[in-house]
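# Topology and contacts: notes
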Amino acid sequence: MSRIGKKPIEIPNGVDVKIDGNIVTVKGPKGELSKSLNKDMKMEINDGVLTIERPNETKEIKAIHGLTRTLIYNMIIGVTEGYSKQLEIIGTGYRAAKKGKVLSLNLGFSHPLDLEDPEGIEVEVPSPNSIIIKGIDKQLVGSYAAKIRSYREPEPYKGKGVKYIDEHVRRKVGKTGK
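What this report covers is the structure whose coordinates are included nearby. (Residues numbered from 1 in each chain as written. Predicted model: local features only at pLDDT ≥ 70, side-chain atom pairs only at ≥ 80, totals over all residues. Heavy atoms only, no water.)

### Considerations on the nonpolar core
- Leu 105, Ile 131, Ile 133 and Ile 148 are the most contacted members of the largest nonpolar core, which has 21 residues in total.
- Contributing elements (two or more residues each) for this core: β7 (83-90), β9 (102-106), β10 (113-116), β11 (121-127), β12 (130-135), α3 (138-150) and β13 (161-164).
- In terms of residue count, α3 provides more of this core than any other element does, 4 residues in total.
- Setting aside residues up to four positions removed in sequence, Ile 133 forms contacts with Tyr 83, Ser 84, Lys 85, Leu 87, Ile 121, Glu 122, Val 123, Val 141, Tyr 144, Ala 145 and Ile 148.
- Formed by 18 residues, the second largest nonpolar core is a distinct cluster that contains Ile 9, Val 24, Ile 72 and Ile 136. (Core = buried A, V, L, I, M, F, W, Y, C linked by side-chain atoms within 4.5 Å. Buried < 20%, exposed > 50% of the residue type's maximum accessible area, 1.4 Å probe, protein only. Helix = DSSP H or I, 4+ residues; strand = E, 2+ residues; numbered from the N terminus. Contact = heavy atoms within 4.5 Å.)

### Focus: the sheet that holds β10
- If you walk across this open sheet you meet the 3 strands as β8-β9-β10, and the pairing is antiparallel. On the outer flanks of this sheet lie β8 (95-99) and β10, each paired with one strand and no other. Neighbour to neighbour, the strand axes of the sheet diverge by 25 degrees on average, direction disregarded.
- Bridge count between β9 and β10: 4 bridges; the pairing is antiparallel. Residue pairing in the sheet places Leu 103 in a bridge with Leu 115 of β10. (Pairing = 2+ DSSP bridges. Axes fitted to C-alpha atoms, helices over the stretch in contact; angles between N-to-C directions.)

### Considerations on α3
- Look at α3: 18 Å from first C-alpha to last across 13 residues, which is about the 18 Å you get at 1.5 Å a residue.
- The set of residues buried in α3 consists of Val 141, Tyr 144, Ala 145, Ile 148 and Arg 149. Looking straight down α3, one finds that the buried residues subtend no more than 140 degrees of arc, so they occupy a single side.
- Those residues of α3 that are buried lie in contact with β7, β9, β10, β11, β12 and β13.
- Between the side-chain oxygen at the start of α3 and the backbone nitrogen of Gln 139 there is a gap of 3.3 Å, and the oxygen is on Asp 137. (Expected span 1.5 Å × (residues − 1). Arc of directions from axis to C-beta. Polar contact = N/O pair within 3.5 Å; in protein donor to acceptor, adjacent residues only side chain to side chain.)

### Quick word on the side chain of Thr 25
- Examined against the element boundaries, Thr 25 turns out to sit in strand β3 (residues 23-28).
- Side chain to side chain, Thr 25 and Ser 34 meet in a polar contact 3.4 Å long.
- Setting aside residues no more than four positions away along its own chain, Thr 25 makes contact with Asp 16, Val 17, Lys 18, Glu 32, Leu 33 and Ser 34.

### Structural notes on the sheet that holds strand β4 (residues 31-36)
- The 3 strands lie next to each other as β2-β3-β4, forming an open sheet whose pairing is antiparallel. The open sheet has two edge strands with one neighbour each: β2 (16-20) and β4. Each strand axis lies, on average, 15 degrees off the axis of its neighbour in the sheet, ignoring direction.
- Summarising the sheet, β3 and β4 pair through 6 bridges and their orientation is antiparallel.

### A closer look at the pattern of salt bridges
- Applying the stated criterion across every chain yields a total of 6 salt bridges.
- A salt bridge links Glu 124 to Lys 134; the shortest N-O distance between them is 3.3 Å. Of this pair, Glu 124 sits in strand β11 while Lys 134 sits in strand β12, and the two are 10 residues apart along the sequence.
- A relative accessible area of 28% places Glu 124 in the partly exposed class.
- The salt bridge partner of Arg 149 is Glu 153, with a shortest N-O separation of 3.9 Å. (Salt bridge = Lys/Arg side-chain N within 4 Å of Asp/Glu carboxyl O.)

Geometric descriptors of this kind do not, in isolation, establish any biological role.
Okay, structure coming up:
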């Protein structure tokens, strides 16, 4: 039984949800998101509450039931509040800078990495060693943050690299001298 899938979603004021077959469109104060979901799920809006029902009890449908509800809920949160991820850069000479719509990263390579902001993503650099990624699509924000982190993941000996602000890097003991 899917406890998450059975929970109804309350639609806040100022948010408009439209269901057209298997395409769900959510409009809110921060923007508009649209996603194609599984065609088997039955979605209904009654009195500002969205409910999702599954047609049968097969294992695949049970798994998709909770996923469908979570995707719609994340879209509603995205258009009302938005999502953000914070990255921290640790290391001598490692820094970030913002030039218009281009994020320039110096991560110890022979050249700086210049990344153009994807559509729907806003990147802020409040200091040379921190990056804030904001947007309304949770998946886009997370994947762009992971892409930036993948260029220089934190290493376990000195902790140098790009890490999430709330990430804990397990440190290892280095070589011991004689």
